[in-house]
Amino acid sequence: MSVKKILVGFVAVGSLALAACGTGDAGDDGYPTTLKLADKDTADNFHPASGYGQTGISPIYDGLLKPDASAGSDVIPRLVPALAAEEPKANADASEWTVKLREGVTFHDGTAFDAADVKATYDVARDASKGSKVSMRYDVIDEVKVVDDNTVTFKLAYPYGGFASRLTLAIAPSELVGEGDVVNGPLGEKPVGTGAYSVTERTGDLVRYTANPDYWGGKPEVGEFLVTLASDDAARAQRVASGELDGAHVPPSVAKNFEGRSGVEVVTATTADWRGISLPKHPFLKDPAVRRALNLAVDRDAIVSGPLLGKGRAISTAVPEIYGDSHNPDATFGHDTAEAERILDEAGWRKGADGVREKDGVRAEIPLYYSGEDTLRRDVGIEFSAQMARIGVSFPTTASTWDDITPRLGEAAAVLGGGSAPWDVDMFAYDLLHTREAATSEYSNPGDYGSPELDAKLDEARRATDAGERARLYREAQAMYAENPSNIFLATIDHVYLAKENKWNRGSTILEPHIHGATWGPWWNLRDWKK
């Protein structure tokens, strides 16, 4: 076992403002070696168990596996070895998975990577008592066993053919990952990984990433990038257009003003990032027929063409078309307001004098919250509310913060999004379609709707080890969901970025998860940019 040293601190570079770095370092050849990017929020918790880097894509960390975008940016990517030396091997019933590790890899602090780091990182990630925000994604693991320095075995609670999707978790040093809890531990502010870049400065509004000269995949040609805080969407865009910044994520409503502008590229990334309306516990929503009626009343195409400006695709369930054979094309809700009104009338919900339906003195009125700093969610919420008003259902909208919205999810609706772990259909959809369990996220099915039959089908699909059988079971689960929906899924959205033009050969974008920002879009694979 390797002897390791503890991280002492960051490279001392001072608290420099972004402006102090000049306006580009683009050089005369069009190949900038320093990039300046902007994000709405730079205040990430960098601890792997916070969810940071869980997809296998991060400038700082590597997972055992990573997604490969070579098949295209609009399909679920294949997972290939990163810190793993080869493909993981499952036993006969897929209840144990053994991973051989890449040798000769070091962390940013100079310590050697080995099996102890994998075990320690996964043990914290699946421990909610340590503050893990992703424990529900790793509760399939019974034990992580160190076989030797370069081999680790995952013993599972049940056979699980999709376990490879759990092997993209960012790996950190064993000495640091369990220190303190996830919120207050050292990795939250001072990450240490094996990735192509290390964080060498972090102030209140700037994070500096510097190329790792000892990166196992080779030192990146882009030597440095900086991410600065710019919370205003229009301001980020203008700073890119002026040449001050090399890029930023912006909403579609802002990006449309820069289409065709010289020197600025509008980059659109296909995603598994969905938007929808959560349904709380409420007398009006108790009847599955009512929840079906709301799903029929929604004009999803109008939401895609309106608030999304065409940057997205309508969905009816938690399994979009990108999941291939696991997607059920028949489990959809056509737009049929007449049928929705007939169902509501038949269920006894009749329009009152003010046009709002009621039954037994209860009004069909549910408050709808959205994050006030998210203009896209605002626009989606307002459009949805207007559509529901046409059938006599009131969803009065309120802008708020997530600190206020999250505790209300059991009693109020919200414009939610998700898809932060999209590499496998089970990891993406199980919690969204299943009734609530102890480890379920507060954002998944907050009204706790569903049925024992649907739960059983989802559990059967989760445990199926044959890919074809698993896909069939998920199609059947979607058909059951369509009869007893727990949410109103609306669309997957495209992520839109503005990028200052340069000559680097950066390859294509990758199918993006719910997570996005300045380390995604054109910059997700910055380590691989070539002249």
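Nothing here was measured: the structure is a model prediction, and the numbers come from that model.

*Asks:* Sorry, what's going on with the nonpolar core here?
*Replies:* Here is a general trend for soluble globular proteins: nonpolar side chains tend to be buried in one another's company. Ranked by internal contacts, the top residues of the largest apolar core, which has 102 residues, are Leu64, Val118, Tyr122, Ile141, Phe154, Phe163 and Tyr209. Ranked by residue count, the leading element in this core is helix α10 (residues 425-433), at 7 residues.

*Asks:* Explain the packing of aromatic side chains to me, please; I cannot follow it from the model alone.
*Replies:* The description of two aromatic rings rests on the distance between their centres and on the angle between their planes. This model, assessed by the stated rule, comprises 20 aromatic pairs. The interplanar angle of 90° and the centroid separation of 5.0 Å between the aromatic rings of Phe46 and Tyr52 together place this pair among those described as edge-to-face. Ring centres of Trp274 and Phe489 lie 5.2 Å apart, and the angle between their planes is 80°; this geometry places the pair in the edge-to-face category. One end of the pair, Trp274, is in strand β13 (residues 274-278); the other, Phe489, is in strand β21 (residues 487-493), and 215 residues separate them in sequence. Here the two residues Trp274 and Phe489 agree in accessibility, since each one is buried. One aromatic cluster in this structure is built from Trp97, Tyr122, Tyr138, Phe154 and Phe163. Residue placement shows Arg462 over the ring face of Tyr160; its charged tip is 5.9 Å from the ring centre.

*Asks:* Quick question: what am I supposed to make of empty space enclosed by the protein here?
*Replies:* With a probe scaled to a water molecule rolled over the atoms, the places where space remains empty come into view. Enumeration according to the criterion identifies 4 cavities of 30 Å³ or more in this entry. In terms of lining residues, the largest cavity is bounded by 16 residues, among which Ser58, Pro59, Trp523, Trp524 and Leu526 are the most central. Residue composition of the lining of the largest cavity, grouped by class: 10 nonpolar, 4 polar and 2 charged. Lining the second largest cavity are 13 residues, and of these Trp274, Ser278, Leu416, Tyr443 and Asn487 lie nearest its centre. Among the elements of the structure, β13 and β21 are those that each provide at least two residues to the lining of the second largest cavity.

*Asks:* What exactly am I supposed to notice about the sheet that holds strand β14 (residues 312-314) here?
*Replies:* Within a sheet, each strand pairs with its neighbour through backbone hydrogen bonds, oriented either parallel or antiparallel. Read across the open sheet, the 6 strands follow the order β14-β21-β13-β20-β18-β19; overall the sheet is mixed. Every other strand in the sheet has two partners, leaving β14 and β19 (397-400) as the edge strands with one partner each. Sheet twist, expressed as the average angle between the axes of neighbouring strands with direction ignored, equals 30°. Where strand β18 (residues 368-371) meets strand β20 (residues 413-418), 2 bridges bridge the pair, whose relative direction is parallel. Counterpart to Leu368 in the pairing with β20 is Ala413. On the sheet, helix α8 (residues 375-389) packs against β13, β18, β19, β20 and β21 and is oriented at approximately 130° with respect to β20.

Reading the values: rules and limits
- Residues numbered from 1 in each chain as written.
- Predicted model: local features only at pLDDT ≥ 70, side-chain atom pairs only at ≥ 80, totals over all residues.
- Heavy atoms only, no water.
- Core = buried A, V, L, I, M, F, W, Y, C linked by side-chain atoms within 4.5 Å.
- Buried < 20%, exposed > 50% of the residue type's maximum accessible area, 1.4 Å probe, protein only.
- Helix = DSSP H or I, 4+ residues; strand = E, 2+ residues; numbered from the N terminus.
- Phe/Tyr/Trp six-rings, centres within 6.5 Å; stacked < 30°, edge-to-face > 60°.
- Lys NZ or Arg CZ within 6 Å of the ring centre and 35° of its normal.
- 1 Å grid on protein atoms, 1.4 Å probe; cavity = no way out; pocket = protein on both sides within 12 Å on 5 of 7 lines; lining within 4 Å.
- Points joined across faces, edges and corners; volume = space filled by probe spheres on them.
- Nonpolar A, V, L, I, M, F, W, Y, C, P; charged D, E, K, R; others polar.
- Pairing = 2+ DSSP bridges.
- Axes fitted to C-alpha atoms, helices over the stretch in contact; angles between N-to-C directions.
- Contact = heavy atoms within 4.5 Å.

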